[in-house]
Structure formats: structure tokens, C-alpha cells
Amino acid sequence: MRVYIIVAAVFWCGYVDSRKVRGISSSYKRFYRERKSFLCIDGSRMIPFEQVNDDYCDCEDGSDEPGTSACPHGRFYCTNLGFRPHYIPSSRVNDGICDCCDASDEYNSHTRCQNTCWNLGQRERAYVEGQMRTLDEGLRLKQQLIEEGVLLWREKQAQLRELQQVAEDLQVKLEEHRRKKHEADRLKEQTLKALEAGNGGLIRHQNSSVTSIFHLLDTNKDGSLTVDEIKAKVVLVHDEQRVLSEGEALALLDRGHRMDLSKFQSTLWDVLTRGDTVKIKDTQGAPGSLSSEDPHLKAADRAAEWEATNLKKVEEAYETVNMEISDLQKKLAIDYGTDWEFLFLNGQCYKLKVYEMWGMWTGKPKNHYSQMVYENGEPCWQGGSRSTTVTLTCGTETALRSVKEPSKCQYIMDFQTPVACQPVLKQQGIHSEL
């Protein structure tokens, strides 16, 4: 009976249960099933199974010592039930420092490690639950921003169409006002040419009144014409440079020193109307001159100024509308995301002064709108232009979370916003082996 017991003891000593081999994960247990020999995982060597975890490194890849520190390049698997499992270098096994939260790495050391996996797992689960709530809320807010973005996009498109229609209408008005101004300028020019042809011709052409010509000659406005006033205003047709003599002026005044409106109409008016001997001195534009006093010329000048003013107003309105159209077209040409979810950020300021210009979206193909680059900023001292890479992360608020400068004049920012939340994250869940 004793011999049988000894044999049984030897038999059970040779049996190794793969479930009790320390330092291996469930995915590697198939390599440690009970058998007489053990094949190194890299296939380099076959050793007796009892040499697994015997604190002596037989395999080059260290696979025969998953639970000891014998192999320099070995790994020890912390199961960490209730928390996240992970690997540690096998050199940390039984080194007196607790690396695994389940204390499995210090199974044969003087250090008494506590199993903290459950507490860590609780904190991890609370964090994950918080992240999932943030994701849910972020997705809800994102949907709102998408709906607002779509409405805003449609409003801007409608605004663009309205502005384009206004521009077309102004174009028609512009052509009309240009035509009117051209006609007004032409009429003014014709009036001036008629004036240059001589006052007699002008009087006949414009049918100027006797009274207006009388008042033009009556410089002091006392109701009568004198020799000095005739000499100052009237010249010979064939010798405009010579001033009339006193006798010539008296002759025009019908030998009287003064002439009232009634006598002017019956005498000098007829002489000026014929325009063959004398005419009113050509002093266009001067105060008291025919060109400045004639009502027809004044009317033509006012009409020209009025049309010029109207044309300028329409030109300014047309230019303003076209500038608004150009600005709106530039804004609409920006990539605001597949559902215009980033449109709400247009014009928003988050109190971070930067000088870089928008570059492009640079996110990975699966999430193209997760990262953007600003380029061609202010020049760096002894370097190139500044640039900024902004990574967008899911959050319930839109805010700048952090700014770093990993290299000279190259900045990295973390920008949190609901529009960065992706439904695929919720579908996959936040992976954690608890």
C-alpha cells in the first residue's frame, strides 16, 4: 500500500494543470496543456513539461517561464479579475513591488500585496459609465447642432439667392442710371455749346425771358441799367476783348444814362436778340454771368448732378451686395462636415489668440473630421511659420481643453465639442476588460 501511494504521489507530481500555470492569459493556455513535453512557443526547442516555471530559462522567447523572473525577455500576465488585465516584464515578478492589482506577481516574496482590483474596477466602471453618459449627451447635442446647421445652411443658401437677385436688379438699375446720366451730361453739354455760340443764339435757342437777361445786366439790382453796367456786361461781337466806350454804352441805352425794364424790352433787348453787333460778355460760370444765371443752364446742371448722385448710390449698393455675395460664397465653400455639424463654429471665438490660417481637415479616413490644421502663422524666430494641429474630442460643451508645444512653433490643441461625438463609439462601447 505504501509503495502504491508513493507511485501515486510521483504521478501527481508529474501532472501540471494548465489552469494553475502562473503568468499566462486564457488565449495562451492551449500551449500549456498537460503533456510530457513542452514546445517553446517560438518553436525553437522541446523541453520536459516539468521544466515550465521551474525558475530556469530554457526557451529563447521565455515562454517556458511565464510565472517567474528567470527569462530576461519574458512577460508575466496579470489576470486582475475585476479590473483590466495587462502584461508586465517578468523581471518584476517577486521583486517586492506590487505591480498586479490582484497581487499575483508577488506570490513568493516577503511583500504582502493587497488585491485592489475590485476597487480599481469600480472606479474604472464609474469612469466608463460617465464617458458613456457624456457620449449620449454629446450625440444628443450633436444632433441638435446638425439640425441647426442644416437650417443655417439653408438660410445662407436662401440669403445667397436673394442677394444674387438683388444684384441682378441693381445691375438693371445701374445700366438705366448710367443711361440717364449720359443723357443729362449730353444735355448740359449742348446747353453750354449753345452758350458758347453767343448770347443771341442762346437767347433764341433757350427762349430766355427778357426779365432774366435784364437782371443779369443789372449788377447792383437797383431796377435800372447804367453805362458802367453795360460796359461791364456787353461787348462787340467782332471785338470781344475791347471794352465799350462810354458813347457806345450810351447809344445802347438809347442816349439815356439809365434804362428800366420796360425800355430795355423795347430797345436793347431787340439788339441783343439779333446778336449781329453786340452780345453779352462770355463769362461762363462766373457769378452773375449768363451761364450762372440762365435758368435753363441751371436746370441742366442740376439734372446732371442729380443723375450723378443717383448713379453713385446705385454703384455703391451694387458693390456692397457683390461683396456680401463673395463673402457668403467663401463661407459656403468651407467644409463644415458631412451634415454641416461644424457650421455653428463659424464666427465663434474661444478666447485663444492665434495667427494661423485655416489649412485642412487631417483626421483619419474613418473619422476625417477629428483633426484640423492651421498653417502659415507668424514667422518663428530662426524658424519657419507657426502651425497648429487641433484634435476634436467628444464632450457636452464646446471648449478648448489644452494647448501644448511639442516642438518649436508647432502647437497641439485639444478642442472638446459635441459634434466630435461619433455613434460608432457607442456601438463599439469603450473597451475595458473588467
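This text gives an overview of the structure that appears in the document. (Residues numbered from 1 in each chain as written. Predicted model: local features only at pLDDT ≥ 70, side-chain atom pairs only at ≥ 80, totals over all residues. Heavy atoms only, no water.)

### Things to note about the packing of aromatic side chains
For any two aromatic rings, the description comes down to two numbers: the centre-to-centre distance and the angle of the planes. Let me state the cut-off plainly: Any two rings among Phe, Tyr and Trp, with Trp reduced to its six-membered ring, count as a pair given centres within 6.5 Å; such a pair is stacked if its planes are under 30 degrees apart, edge-to-face if over 60, and tilted if neither. Strands here are runs of E lasting at least two residues and helices are runs of H or I lasting at least four, both read from the DSSP assignment and numbered beginning at the N terminus. A simple rule labels every residue: compare its accessible area, found with a 1.4 Å probe on the protein chains alone, to the largest value its type can have, and call it buried under 20%, exposed over 50%, or partly exposed in between.
Within the structure shown, the criterion is met by eight aromatic pairs. Aromatic side chains Phe38 and Phe49 sit 6.1 Å apart centroid to centroid with 80 degrees between the ring planes, which places their arrangement in the edge-to-face category. Residue Phe38 is located in strand E1 (residues 37–39), and its partner Phe49 is located in the loop between strand E2 (46–48) and strand E3 (75–78); the two are separated by 11 residues in the primary sequence. Each member of the pair Phe38 and Phe49 is classed as buried.

### What to know about the pairing of strand E11 (residues 387–394)
Which entries qualify depends on this criterion: In this description, strands pair whenever DSSP reports at least two bridges between them.
By the bridge criterion, four bridges tie strand E10 (residues 371–375) to E11 in an arrangement that is antiparallel. Each residue of the ladder has a partner; that of Met372, found in E11, is Val390. Summarising the sheet, E11 and strand E13 (residues 410–417) pair through eight bridges and their orientation is parallel. Looking across to E13, one finds that Cys394 is bridged to Thr417.

### So, the pairing of E13
Pairing of strand E12 (residues 399–407) with E13 involves six bridges; the strand directions are antiparallel. Each bridged residue has a counterpart across the sheet, and for Ser402 the counterpart in E13 is Asp414. Hairpin connection from E12 to E13: two residues lie between these consecutive antiparallel strands, with Cys409 at a positive phi of about 65 degrees.

### A closer look at helix H4 (residues 210–217)
Among the eight residues that make up H4, six are buried, leaving the element largely enclosed by the rest of the structure. Taken together, the buried positions of H4 are Val210, Ser212, Ile213, Phe214, Leu216 and Leu217.

### Observations regarding the state of the cysteines
Here is the rule we go by: Two cysteine sulfurs form what is called a disulfide whenever their separation falls within 2.5 Å.
Scanning the model with the defined rule gives six disulfides in all. Here Cys78 pairs with Cys100 through a disulfide, and the sulfurs are 1.7 Å apart. When the S-S torsion is -45 degrees, as for the bridge of Cys78 with Cys100, the disulfide is left-handed. Of this pair, Cys78 sits in strand E3 while Cys100 sits in the loop between strand E4 (86–89) and helix H2 (117–196), placing them 22 residues apart in sequence. Considered together, Cys78 and Cys100 belong to a single accessibility category, that of buried residues. The partner cysteine of Cys394 in its disulfide is Cys421, sulfur to sulfur 2.0 Å. Taking the sign of the S-S torsion, 80 degrees for the link of Cys394 and Cys421, the bridge is right-handed. Here Cys394 is found in strand E11, whereas its partner Cys421 is found in the loop between E13 and helix H11 (423–428), with 27 residues between them in sequence.

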